[in-house]
Amino acid sequence: MLLRTGALINGQWLEGARQFAVTDPSTGAKLADVANMGAEEAEVAIAAADAALGPWKAKTAKERSNILRRWFDLLMANVDDLARILTAEQGKPLAEAKGEVAYGASFVEWYAEEAKRVAGETLPQFDNNRRLSVLRQPIGVCAAITPWNFPLAMITRKVAPALAAGCTVVIKPAEFTPLTALAAAELAVRAGIPPGVLNVLTADSDNSVQAGKVFCSSDKVRHISFTGSTEVGRILMAQSAPTVKKLALELGGNAPFIVFDDADLVSAVEGAIASKYRNAGQTCVCANRIYVQEAVYDAFIDKFTAKVKTLKVGNGFDEGVVQGPLIEPAAVEKVQRHVDDAKAKGARILAGGAKLHGQFFQPTVVADATADMLCATEETFGPLAPIFKFKHEDDAIAAANSTEFGLASYFYSRDIGRITRVSEALECGILGVNAGVIATEHVPFGGVKQSGLGREGSRHGMEEYLEMKYICIGDV
Ligand code: ADP
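The structure presented is a predicted model; accordingly, all values stated were derived computationally and were not measured.

### Considering the site of the ligand
- Taken together, 14 residues lie near the ligand, and Ser208, Gly212, Gly228, Ser229 and Val232 sit nearest.
- Listing elements by their share of the shell around the ligand, those giving two or more residues are helix 7 (205–217) and helix 8 (230–240).
- Broken down by element, the residue count for the shell around the ligand peaks at four residues, all from helix 7.
- Grouping the amino acids of the shell around the ligand by side-chain chemistry returns six nonpolar, six polar and two charged.

This is the structure:
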């Protein structure tokens, strides 16, 4: 009963005049035909969100909190079914999908709690005839455009704070993974989220572009939150200029992972594996470039490669599988292009290096990588670990920062002075020191430089959806 194929607009499940197919990336089999909504339906969804805004923001924070809490409970009560839908359309191993459902739900729990903690301010007056205060009010109708790599968590991370703040939302989920979004929306309806407060506009890739244009040009939409490629982030930013929208952008990364010669190598290998191969390398915080200091270079490579060779690739529903397929054929081609380019420029392929059947790619290790290779400058978004050798701490910092991106960084060291220096020098929004997986709901997640604007999660994630109003009362 969680499997919905219609778009959710104003509380109605609409099948639409046209559909698009959603397929299983492990098998290529069609899973469902989903409503393919265009510009016109985007307008209708925005109008519904606009009409629902007044009553929703008029609810007390506690009322909104209770509804969100019920949604959280339903998400957790349906972990198994949600995870099955997620693995079927996205490909990640079932255990990882269950982890994502719990992670995604945790944002709903957190913001159900935070809803009650939005407070204003009283400020000292500059003359005794006046009283000064600050209100924090919901920004209004929000649009969210989300990617396929975390089909649930990228939605709840935006929707939960928006709804908690008193905003209403239109979500446009990724064309590869609309079924998880619709299943989560079905549970939101059951939790009592009123019609129009949460709308899900499903669309294929062409219609997604059209929906994006409608969101950006709408006067009613006051905020756009986007997670996806830097290229599309730039388009949305440009398109939003005429209506001067507030934007939250969580864009691409090119995460450096540095192993210094004083690191605990066993822990560094474990962290690198977790950071690199999670979701088949398809996360914006996956280690994209592994820098290893001279003295421990060979030892790290031996241990790391041995571990990589044990990773089981296959259908996410099969027992013991830790790496599923890539999302589409073009993703497989990109990884192959990066491997071939590295090979041609002198790198050594120590594990994998080739495509398997369908959309599966071998977990790959490339040693002696250099700055001129594609894998150094582009985000591979696949199971390829290029390893670079460096001499001095400053060289590693310079190499790590030599990118327009600044999302996640990681480094391993046990020297407190070095930990302090390198932590301060790396240009990034999130940093793991002796830790390869660091995201959770109550920390601010986001990037610097061309990795984006704003933060999601934590109390800071709520600020996105609130506007301050300074009030000066005179004649007191
Ligand atoms: P990825 O590299 O993760 O596939 P994209 O940036 O292409 O990232 O896609 C992320 C989301 O942005 C998806 O929901 C997709 O449909 C949507 N999208 C892609 N192009 C546009 C666009 N021009 N306008 C609005 N949304 C878009």
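Having seen the model, we can carry on.
### Digging into the environment of Ala408
- Note that Ala408 resides in strand 17 (residues 408–412).
- For Ala408, a count of 29 C-beta atoms within 10 Å gives the class buried.
- Through-space distance from the C-alpha of Ala408 to that of Gly432 is 7.8 Å; in sequence the pair is 24 residues apart.
- Residues in contact with Ala408, not counting those within four places in the same chain, are Gly253, Ala255, Val285, Cys428 and Ile430.

### Let's talk about helix 9 (residues 265–277)
- Between its first and last C-alpha, helix 9 extends 18 Å over 13 residues, near the 18 Å set by a 1.5 Å rise per residue.
- By the burial criterion, the buried members of helix 9 are Ala268, Val269, Gly271, Ala272, Ile273, Ser275, Lys276 and Tyr277.
- The inward-facing, buried residues of helix 9 abut strand 12 (255–259), strand 13 (287–293), helix 10 (294–308), strand 16 (384–390) and strand 17.
- Count one or two residues on from helix 9 and you reach Asn279, which has phi positive near 55 degrees.

### Focus: the UniProt feature "active site" (unreviewed entry) in the protein
- Under the local residue numbering, the UniProt record ascribes the feature "active site" (unreviewed entry) to Glu250.
- Dropping the residues within four chain positions of it, Glu250 is found in contact with Thr227, Gly446, Gly447, Gly452 and Glu456.

### Some words on the pairing of strand 12
- The buried fraction of strand 12 is high, at five of five residues.
- Burial of strand 12 is two-sided: the residues Ala255, Phe257 and Val259 facing one way and the residues Pro256 and Ile258 facing the other way are all buried.
- Pairing of strand 12 with strand 13 involves five bridges; the strand directions are parallel. By the bridge assignment for strand 13, Val259 is matched with Val292.
- Following the chain from strand 12 across helix 9 to the adjacent parallel strand 13, one finds a crossover that is right-handed.
- Relative to strand 17, strand 12 runs parallel, the two sharing three bridges. When the sheet's bridge partners are listed, Val259 is paired in strand 17 with Tyr412.

### Things to note about the sheet that holds strand 6 (residues 131–138)
- Spatial ordering of the open sheet is given by 5-6-20, a layout of three strands whose pairing is antiparallel. The open sheet has two free edges, formed respectively by strand 5 (121–123) and strand 20 (466–473), since each of these has just one partner strand. Across this sheet, the average inter-strand angle for adjacent strands is 25 degrees, counted without regard to direction.
- Where strand 5 meets strand 6, three bridges bridge the pair, whose relative direction is antiparallel. Directly across from Thr122, in strand 6, lies its bridge partner Ser133.

### Brief notes about helix 13 (residues 393–401)
- For helix 13, every residue scored as buried is listed here: Ala396, Ile397 and Ala400. Burial along helix 13 is one-sided: seen end-on, the buried residues are contained in an arc of 100 degrees. For helix 13, the exposed residues set more than 90 degrees away from the buried face come down to Asp394 and Ala398.
- Its buried side turned inward, helix 13 meets strand 12, strand 13, strand 16, strand 17 and helix 14 (416–425).

### Observations regarding the nonpolar core
- Counting 83 residues, the largest nonpolar core has Leu68 and Val169 as its most contacted members.
- Discounting residues that sit within four places of it in the chain, Leu68 has contacts with Val108, Tyr111, Ala112, Ala115, Ala160, Leu163 and Ala164.

### What about the environment of Gly447?
- Here Gly447 is to be found in the loop between strand 18 (430–433) and strand 19 (452–453).
- The buried category is assigned to Gly447, around which 26 C-beta atoms lie within 10 Å.
- Measuring from C-alpha to C-alpha, the distance between Gly447 and Val339 comes to 27 Å, with 108 residues separating the pair along the chain.
- Once you skip the residues sitting within four places of it in the chain, Gly447 turns out to touch Glu250, Leu251, Gly253, Gly406, Leu407, Gly429 and Gly452.

### Describing the UniProt feature "domain: Aldehyde dehydrogenase" (unreviewed entry) in the protein
- When the UniProt feature table is mapped to this numbering, "domain: Aldehyde dehydrogenase" (unreviewed entry) covers residues 13–471.
- Split by type, residues 13–471 is 42% helix and 20% strand. Its first and last C-alpha atoms lie 42 Å apart.

### Observations regarding the sheet that holds strand 18
- With mixed pairing, seven strands are arranged side by side in an open sheet as 14-15-16-13-12-17-18. Strands at the two margins of the open sheet, each flanked by one partner only, are strand 14 (348–351) and strand 18. With strand direction ignored, the average angle separating the axes of adjacent strands in the sheet is 20 degrees.
- Relative to strand 18, strand 17 is paired through four bridges, and the arrangement is parallel. What sits directly across from Phe411, in strand 18, is Val433.
- Across the sheet, helix 9 touches strand 12, strand 13, strand 16 and strand 17, and the angle it forms with strand 17 is around 160 degrees.

### Looking at the confidence of the model for the protein
- Averaged over every residue, the pLDDT of the protein is 98; the share at 70 or more is 100%.
- Mean pLDDT across the elements of the protein bottoms out in strand 19 (96) and peaks in strand 8 (residues 168–172) (99).
- Two summary scores accompany this predicted model of the complex, namely pTM at 0.98 and ipTM at 0.98.

### Structural notes on the environment of Pro195
- Tracing the backbone shows Pro195 in the loop between helix 6 (178–191) and strand 9 (198–200).
- By the C-beta count within 10 Å, which is 15 here, Pro195 ends up partly exposed.
- If we ignore the near neighbours within four places in the chain, the residues touching Pro195 are Asn10, Gly11 and Ala52.

The rules behind these values
Residues numbered from 1 in each chain as written. Predicted model: local features only at pLDDT ≥ 70, side-chain atom pairs only at ≥ 80, totals over all residues. Near = placed C-beta within 6 Å. Helix = DSSP H or I, 4+ residues; strand = E, 2+ residues; numbered from the N terminus. Nonpolar A, V, L, I, M, F, W, Y, C, P; charged D, E, K, R; others polar. Buried ≥ 20, exposed ≤ 12 C-beta atoms within 10 Å, placed from the backbone. Contact = placed C-beta atoms within 7 Å. Expected span 1.5 Å × (residues − 1). UniProt positions renumbered as here; feature names shortened; annotations may be inferred. Pairing = 2+ DSSP bridges. Right-handed = clockwise from strand over helix to strand, strands pointing away. Axes fitted to C-alpha atoms, helices over the stretch in contact; angles between N-to-C directions. Arc of directions from axis to C-beta. Core = buried A, V, L, I, M, F, W, Y, C linked by C-beta atoms within 7 Å. pLDDT = per-residue confidence, 0-100.

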